[in-house]
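Chain by chain, the residues:
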Amino acid sequence: KAGVTQTPRYLIKTRGQQVTLSCSPISGHRSVSWYQQTPGQGLQFLFEYFSETQRNKGNFPGRFSGRQFSNSRSEMNVSTLELGDSALYLCASSFGTTGNTIYFGEGSWLTVV
Amino acid sequence: GENVEQHPSTLSVQEGDSAVIKCTYSDSASNYFPWYKQELGKRPQLIIDIRSNVGEKKDQRIAVTLNKTAKHFSLHITETQPEDSAVYFCAASNQGGKLIFGQGTELSVKP
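Description of the structure in this document. Per-chain numbering applies: the sequence of each chain, read as written, is numbered from 1 onward. Each chain takes a letter, starting from A, and each ligand takes a number, starting from 1, following the order in which they are written. Since the coordinates come from a predicted model, pLDDT governs what is reported: local features require at least 70, and pairs of side-chain atoms require 80 or more to be given and counted, while whole-chain, interface and lining totals use all residues. Side-chain numbers come from the whole structure's heavy atoms, not from hydrogens or water.

## A look at the pairing of strand 3 (residues 19–24) of chain A
Residue and element names in this part refer to chain A. As judged from the three bridges shared by strand 1 (residues 5–7) and strand 3, these two strands associate in the antiparallel manner. Bridged to Thr7 within strand 3 is Ser22. When DSSP finds at least two bridges between two strands, those strands are taken to pair. Elements are defined by DSSP. Helices are runs of H or I of four residues or more, strands are runs of E of two residues or more, and each kind is numbered from the N terminus. Relative to strand 8 (residues 74–78), strand 3 is paired through five bridges, and the arrangement is antiparallel. Each bridged residue has a counterpart across the sheet, and for Leu21 the counterpart in strand 8 is Met76.

## As for the sheet that holds strand 1 of chain A
Residues and elements named next belong to chain A. Spatial ordering of the open sheet is given by 1-3-8-7, a layout of four strands whose pairing is antiparallel. A single partner strand is all that each edge strand has here, and the edge strands are strand 1 and strand 7 (64–68). Across the sheet, the mean angle from the axis of one strand to that of its neighbour is 20°, orientation sign disregarded. Fitted lines through C-alpha atoms serve as axes, helices being fitted only where they are in contact, and the angles separating the N-to-C directions of these axes extend from 0 to 180 degrees.

## Regarding the sheet that holds strand 8 (residues 72–77) of chain B
Residue and element names in this part refer to chain B. One open sheet holds the five strands; their spatial order is 1-3-8-7-6, and the pairing between them is antiparallel. Looking at strand neighbours, the two that pair on one side only are strand 1 (4–7) and strand 6 (56–59), the edges of this open sheet. If you compare each strand with its neighbour and ignore which way they point, the axes differ by 15° on average. When strand 3 (residues 19–25) meets strand 8, the two strands line up antiparallel, connected through six bridges. Note that in strand 8 the partner of Ala19 across the bridge is Ile77.

## Observations concerning the environment of Pro25 of chain A
Residue and element names in this part refer to chain A. Considering the arrangement of structural elements, one finds Pro25 in the loop between strand 3 and strand 4 (31–38). The cut-offs for exposure are 20% and 50% of the maximum accessible area for each residue type, with area from a 1.4 Å probe on protein chains only; residues under the lower value are buried, those over the upper are exposed, and the others partly exposed. What makes Pro25 buried here is its relative accessible area of 15%. The contact rule is simple, with two residues in contact once any of their heavy atoms fall within 4.5 Å. Other than its neighbours up to four places away in sequence, Pro25 contacts Val32, Ser72, Arg73 and Ser93.

## Description of the pattern of salt bridges
A side chain of one charge can pair with a side chain of the opposite charge if their charged atoms are brought near each other. Note on definitions: salt bridges are taken to be side-chain nitrogens of Lys or Arg within 4 Å of carboxyl oxygens of Asp or Glu. Taken as a whole and judged by the stated rule, the model has 12 salt bridges over all chains. One salt bridge in this structure joins Glu82 of chain A and Arg63 of chain A, with 3.6 Å as the shortest N-O distance. Separated by 19 residues along the polypeptide, Glu82 of chain A in the loop between strand 8 and strand 9 (87–94) and Arg63 of chain A in the loop between strand 6 (53–57) and strand 7 bring together distant segments of the chain. For the salt bridge of Arg43 of chain B with Glu106 of chain A, the shortest nitrogen-to-oxygen distance reads 2.7 Å. Here the residue Arg43 of chain B occupies a position in the loop between strand 4 (32–38) and strand 5 (45–51), and Glu106 of chain A occupies one in the loop between strand 10 (103–104) and strand 11 (108–112), the pair thus bridging two chains. Owing to a relative accessible area of 28%, Glu106 of chain A belongs among the partly exposed residues under this scheme. Each of Arg63, Glu82 and Asp85 of chain A takes part in salt bridges that share partners, so that together they form one network.

## Description of the interface of chain B and chain A
Across the contact, 20 residues belong to chain B and 24 residues belong to chain A. Accessible area that two parts lose when put together, evaluated with a 1.4 Å probe and summed over both, is termed the buried area. Together chain B and chain A conceal approximately 1800 Å² of surface at their shared face, both sides included; 53% is due to carbon and sulfur atoms. Remark: the boundary between chain B and chain A carries one salt bridge. Each polar contact in these results corresponds to two N or O atoms within 3.5 Å; when the atoms are within protein, one needs to be able to donate a hydrogen and the other to accept it, and residues that are neighboring in sequence are counted only if both atoms are side-chain atoms. Linking chain B with chain A are nine residue pairs in polar contact (both at pLDDT 80 or more). Those elements that provide at least two residues to the side of chain B that touches chain A are strand 4, strand 5, strand 9 (86–95) and strand 10 (98–101) of chain B.

Spelled out as structure tokens, the structure:
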């Protein structure tokens, strides 16, 4: 079956702009979580959505937001982009219960100039 | 807060040797501990995981051990091969899809 799909794969934005990233989870998975990966900070948890509700949230400013649709697809949005937001944004999906295997998408590479 | 410490940050071994990576977690409620391998420019791929009701799990050349009392878990790779070269991440979870990751270990296996 198809894996976790993220779009777009690569994008360049200017400081102050906003960006929306999309994630389609594995069929049947109801949990979608988002992570930011940078060389300096490693892999950091942004938030998790389960059945259209935000279930967990990491320590990121309010400029980072997300949502999940009824078909479990998810989007994350970053407003007022800063240079430091340049990163690989990874989406992951699972059935949603602790201990379920969590699968990652290929990620969206965001460069802010 | 929740934290996972991972050591070493870099590890270089000769082909055929064993490699060990260690992690310590802070949240005693953590009950799921996966290990991911990430090759350059690619997604993290799950290689093995362990749940808190198990002390050890093995899959061919890879094994993971968990000590809940000490809040330690370790990855052991035996008979290393050049294709094992990658960055390895440990993680801990106590809530659904939320993973707290260690800082990563860059493993280099020299032929």
